[in-house]
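Residue-level structural notes
Below, each chain spelled out in residue letters.
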Amino acid sequence: AVYKRLSMEAQDALEAFLNRALAHQRQSAPSLQHFLQEMADDTQQIRREMDIAQGEVRVMTVHGAKGMEAPVVFLPDTTQTPRDNNLENLLPFEDGWVYLPGKRTTPALLKNVPEYAKKRETQEYMRLLYVAMTRAESRLVLCGFHSGTGKTGIAKGSWYEELAEAMARIAPAAQPDMWGEARVFGRQPEPSAETGLEAEVTVEDIPKWASVLAPPAAQKARKVTPSHLLAGDKFSDVPVRSPLSTRPDRFMRGNLTHKLLEVLPEAHPDRRRESARAFLARHKDISNELRDSIEQEVMDILEHPEFAPFFGPGSHAEVSLAGQGKGLPEHLRLNAQIDRLAVTDDSVHIIDFKSNRPPPTELEDVPDIYWGQMAAYREMIKLTHPDHKIVCGLLWTDGPRLMILPDEGMDAALTRIGTVPT
């Protein structure tokens, strides 16, 4: 399975790993923790034996090919010169670096440093060309594409230009082909002595598909959170006070309330209030009045008999979902987190806590973004629980009060989600 996925290139590394595992088992008291510690502390590097012919095309950098050889070597990008990677005016000089603030303020001693750095880059550029050329055993093929604004499309001083001029002086030759210009130097390969057959060359017209533009790419998936699906211009409809309100702790209140509703259901009912007080006491930046208000609000929810099924066996807090939804557009990929999910034998309750103050009292006053959010939750849960009845509700912590959202309203929200642009 490993070779099928990563090809035989993974063989050396895989065999070395298995040998290490067997050696660990034979030479010491075997344990997974000890073995992992040995692997983490080991600085040994495994290098694949690339000089062994394996009947495959190898793609590598010039640096990586040093010391190797192949019958045919292609240099695919030779018509451009490397870009200047120097950091602004920081230039290499002898065994270190110098900083040149500008021509006017550069000392006379360092006037020639830019020229020196340029020559040094050119020397390194040509040294790499030598390394690349000497990798070829029988044939070296230089390729490139026309770029830039010049007439030739070949950068001055590039590998292609340097080698073309050098070879033209030695053995000028030119041979056009179907892709444009090709220059062939040296003796052409002879037919194989084993077969005695003459090499047959057929020239075909460029197929029509080569001149036809590729079809447009498939619609890119848009990753969103359900709470942003129907935000748009309706976001201002959310019945919360302005951030410029005199209540700077508004967001803090909602965050603390959500956190307590997440963790307290796991505690024993007799210790929930004590745990809530200990948690709130760690937040010194809120008033005692706000602490007491949050504590009472959370306990009213947890002790309410109507809400007990949402916090009992089979319920889960902060349920993460990712992917698509059954009735949602195909281009949408959702990252969702449900506040409370309660699953029974035949139904699933999706509960989202809302700390808006004051909360809406009628369904028509619920903001669109909440309808879109809950509709998206419902469609995602349909994929995981297709045989269950799915009930979605908003639990307003200020009250507290549960508002069940009818399917008709969420179906209407789905039609608006279908028009969300990519």
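Residues numbered from 1 in each chain as written. Predicted model: local features only at pLDDT ≥ 70, side-chain atom pairs only at ≥ 80, totals over all residues. Heavy atoms only, no water.

Scanning the protein chain from terminus to terminus reveals 10 helices and 10 strands. The buried share of the protein chain, taken over its 422 residues, is 30%. Residue pairs in contact within the protein chain that sit at least 24 positions apart in sequence constitute 63% of those at least 6 positions apart. When the accessible surface of the protein chain is summed, it comes to about 29200 Å², and 54% of that surface belongs to carbon and sulfur atoms. (Helix = DSSP H or I, 4+ residues; strand = E, 2+ residues; numbered from the N terminus. Buried < 20%, exposed > 50% of the residue type's maximum accessible area, 1.4 Å probe, protein only. Contact = heavy atoms within 4.5 Å. Areas by Shrake-Rupley, 256 points an atom, 1.4 Å probe, with all protein chains shown as cover.)

A cis amide bond links Arg357 with the next residue in sequence, Pro358, at an omega value of 0°. Positionally, Pro358 belongs in the loop between strand S8 (347–354) and helix H9 (368–384). Between Gly399 and the following residue, Pro400, the backbone shows a cis peptide bond with an omega angle of -15°. Mapped onto the fold, Pro400 is located in the loop between strand S9 (389–396) and strand S10 (401–405). The phi torsion at Glu318 lies on the positive side, around 50°, for a residue other than glycine. Locating Glu318 in the fold gives a position in strand S6 (residues 315–323). Given the relative accessible area of 22%, Glu318 is considered partly exposed.

Right, let's get into helix H10 (residues 407–417). The complete set of buried residues in H10 reads Met410, Ala413, Leu414 and Ile417. On an axial view of H10, the arc spanned by its buried residues comes to 105°, and they lie on one face. When the buried face of H10 is taken as reference, the exposed residues oriented beyond 90 degrees from it are Glu408 and Thr415. On its buried face, H10 sits against strand S7 (332–343), H9, S9 and S10. (Arc of directions from axis to C-beta.)

Right, let's get into the confidence of the model for the protein chain. Looking at the protein chain as a whole, the pLDDT averages 79, with 79% of positions reaching at least 70. In the model of the protein chain, strand S5 (residues 222–224) stands out as the element of lowest mean pLDDT, 61, in contrast to S9, which has the highest, 94. Predicted confidence for residues 233–246 stays below pLDDT 50, and this span has 18 contacts to residues more than four positions away or in other chains. (pLDDT = per-residue confidence, 0-100.)

Relative to the helices and strands, Gln373 resides in helix H9. When near neighbours in sequence (up to four residues on either side) are disregarded, Gln373 contacts Pro226, Ser227, Asp352 and Lys354.

Remark: the centre distance and the inter-plane angle together describe each pair of aromatic rings, the angle taken between the planes. Inspection of every chain in the model, using the stated rule, returns four aromatic pairs. Their ring planes at 65° and their centres at 5.8 Å tell us that Phe17 and Phe35 sit as a pair that is edge-to-face. Linking Phe17 in helix H2 (residues 11–27) with Phe35 in helix H3 (residues 32–41), this pair joins segments that are 18 residues apart in sequence. On the basis of an interplanar angle of 50° and a centroid distance of 6.1 Å, the ring pair of Tyr370 and Trp396 is categorised as tilted. (Phe/Tyr/Trp six-rings, centres within 6.5 Å; stacked < 30°, edge-to-face > 60°.)

Turning our attention to the nonpolar core. Grouped together as the largest cluster of nonpolar side chains are 32 residues, with contacts concentrated most on Ile338, Ile350, Met374 and Ile381. When residues of this core are traced back to their parent elements, those giving at least two are S6, S7, S8, H9, S9, S10 and H10. Broken down by element, the residue count for this core peaks at nine residues, all from H9. Apart from residues lying up to four places away in sequence, Ile381 is in contact with Leu321, Ile338, Leu341, Val348, Ile350 and Ile390. If you look at the next biggest cluster of nonpolar residues, it comprises 21 residues, including Ile294, Ala342, Phe353 and Leu395. (Core = buried A, V, L, I, M, F, W, Y, C linked by side-chain atoms within 4.5 Å.)

Let's shift gears to a nonpolar patch on the surface. Taken together, the side chains of Val2, Tyr3, Leu6 and Met8 define a hydrophobic patch exposed on the protein surface, amounting to about 340 Å² of accessible area. Summarising the element assignment, Leu6 is placed in helix H1 (residues 2–6). (Patch = residues over 30% accessible without salt bridge, like charges linked within 9 Å, V, L, I, M, F, W, Y side chains within 5 Å. Salt bridge = Lys/Arg side-chain N within 4 Å of Asp/Glu carboxyl O.)

Here we take up the pairing of strand S2 (residues 90–93). The pairing of S2 with strand S3 (residues 96–99) spans four bridges and is antiparallel. From the neighbouring strand, Pro92 faces S3, where its bridge partner is Trp97. Hairpin connection, S2 to S3: the antiparallel pair is bridged by two residues, and Glu94 has positive phi, about 55°. (Pairing = 2+ DSSP bridges.)

This part takes up the pattern of salt bridges. Tallying each qualifying case throughout the model produces 15 salt bridges. Ionic contacts of the salt-bridge type, sharing partners, join the residues Arg378, Glu379, Lys382, Asp407 and Asp411 into one network.

Moving on, we come to the packing of H9 against H10. Where H9 meets H10, the closest approach of the two axes is 8 Å, and the angle between their N-to-C directions is 95°. Of the possible angle classes, the one that applies to H9 and H10 is roughly perpendicular. Across the interface between the two elements, Asp368, Trp371, Gly372, Met374, Ala375, Arg378 and Glu379 of H9 pack against Asp407, Gly409, Met410, Asp411, Ala413, Leu414, Arg416 and Ile417 of H10. Residues that form the contact of H9 with H10 fall into these classes: seven nonpolar, two polar and six charged. (Axes fitted to C-alpha atoms, helices over the stretch in contact; angles between N-to-C directions. Parallel < 35°, antiparallel > 145°, perpendicular 65-115°, else oblique. Nonpolar A, V, L, I, M, F, W, Y, C, P; charged D, E, K, R; others polar.)

We now examine the packing of H2 against H3. Each pair of packed helices can be described by the angle between their axes along with the distance between the axes. Running from amino to carboxyl end, H2 crosses H3 at an angle of 130°, the nearest separation of the two axes being 11 Å. The angle between H2 and H3 places the two elements in the oblique class. The handedness of the crossing between H2 and H3 is right-handed. Contact with H2, carried on its side by Phe17, Arg20, Ala21 and His24, involves His34, Phe35, Glu38 and Met39 of H3 and no other residues of that element. Each residue belonging to the contact of H2 with H3 can be placed in one class, and the counts come to four nonpolar, two polar and two charged. (Left-handed = near helix turned anticlockwise from the far one by under 90°.)

Further remarks concern the side chain of Thr79. With respect to the secondary-structure elements, Thr79 resides in the loop between strand S1 (70–75) and S2. Judged by relative accessible area, Thr79 falls into the buried class, the value being 2%. From its side chain, Thr79 meets the backbone oxygen of Phe145 in a polar contact 2.8 Å long. Excluding anything up to four places from it in sequence, Thr79 contacts Gly144, Phe145, Gly153, Ile154, Ala155, Ser158 and Tyr160. (Polar contact = N/O pair within 3.5 Å; in protein donor to acceptor, adjacent residues only side chain to side chain.)

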